[in-house]
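# Working through the structure, step by step
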Amino acid sequence: MANPWAGEVAVWLDGRRHVARLTLGALAELEAELAEGSMIAMVERFETGAFSTRDVLALLVAGLRGGGWQGTVEDLRTVEIGGGPVEAARVAATLLTRAFTVPGSAPGTASGMGPGRR
């Protein structure tokens, strides 16, 4: 079982369960891959539903690599993701949420601090 307190999310690739999580290193790798170069822009795209398939793939690869997977985007393009594209998008959004929200705090309030309290 994936541990949400550690930011983990389960992902099924070709029928095999993997754990994904956005570690600091995975986030740095993801930022380097982003066309806009900003995690804030990525979060905003997911919040508004304007994310792309490229965003989903980039998040999944970063999360899987943060969980110890050694694959690449090219590898992920050739596997069957359990639940298909809809589940892949859900997992990507969950990875973002868990990376920037302390479990038990209100969603959207990173570390539960709320606006203006950083």
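Residues numbered from 1 in each chain as written. Predicted model: local features only at pLDDT ≥ 70, side-chain atom pairs only at ≥ 80, totals over all residues. Heavy atoms only, no water.

## Concerning the pattern of salt bridges
In total, this model carries three salt bridges according to the counting rule given. Residue arginine 65 pairs with glutamate 29 through a salt bridge whose shortest N-O separation is 3.0 Å. On the criterion of sequence distance, the pair formed by arginine 65 in helix H3 (residues 53-66) and glutamate 29 in helix H1 (residues 24-33) is long-range, its members being 36 residues apart. The exposure class of arginine 65 is partly exposed, given its relative accessible area of 32%. Glutamate 87 is paired through a salt bridge with arginine 90; the nearest N and O atoms lie 2.7 Å apart. Linking glutamate 87 with arginine 90, this pair stays in helix H5 (residues 84-100), spanning three residues, or about one helical turn. On the basis of relative accessibility, which here comes to 41%, the residue arginine 90 falls in the partly exposed class. (Salt bridge = Lys/Arg side-chain N within 4 Å of Asp/Glu carboxyl O. Helix = DSSP H or I, 4+ residues; strand = E, 2+ residues; numbered from the N terminus. Buried < 20%, exposed > 50% of the residue type's maximum accessible area, 1.4 Å probe, protein only.)

## Section: the side chain of aspartate 55
Structurally, the position occupied by aspartate 55 is in helix H3. Residue class for aspartate 55 comes out buried when judged on its relative accessible area of 4%. For aspartate 55, the residues in contact, after removing those within four places along its chain, are Met42, Arg45 and Phe46. (Contact = heavy atoms within 4.5 Å.)

## Focus: the confidence of the model for the chain
When pLDDT is averaged along the chain, the result is 83; 83% of the residues meet or exceed 70. A low-confidence stretch, residues 109-118 (pLDDT under 50), is modelled with nine contacts involving residues beyond four sequence positions or located in other chains. (pLDDT = per-residue confidence, 0-100.)

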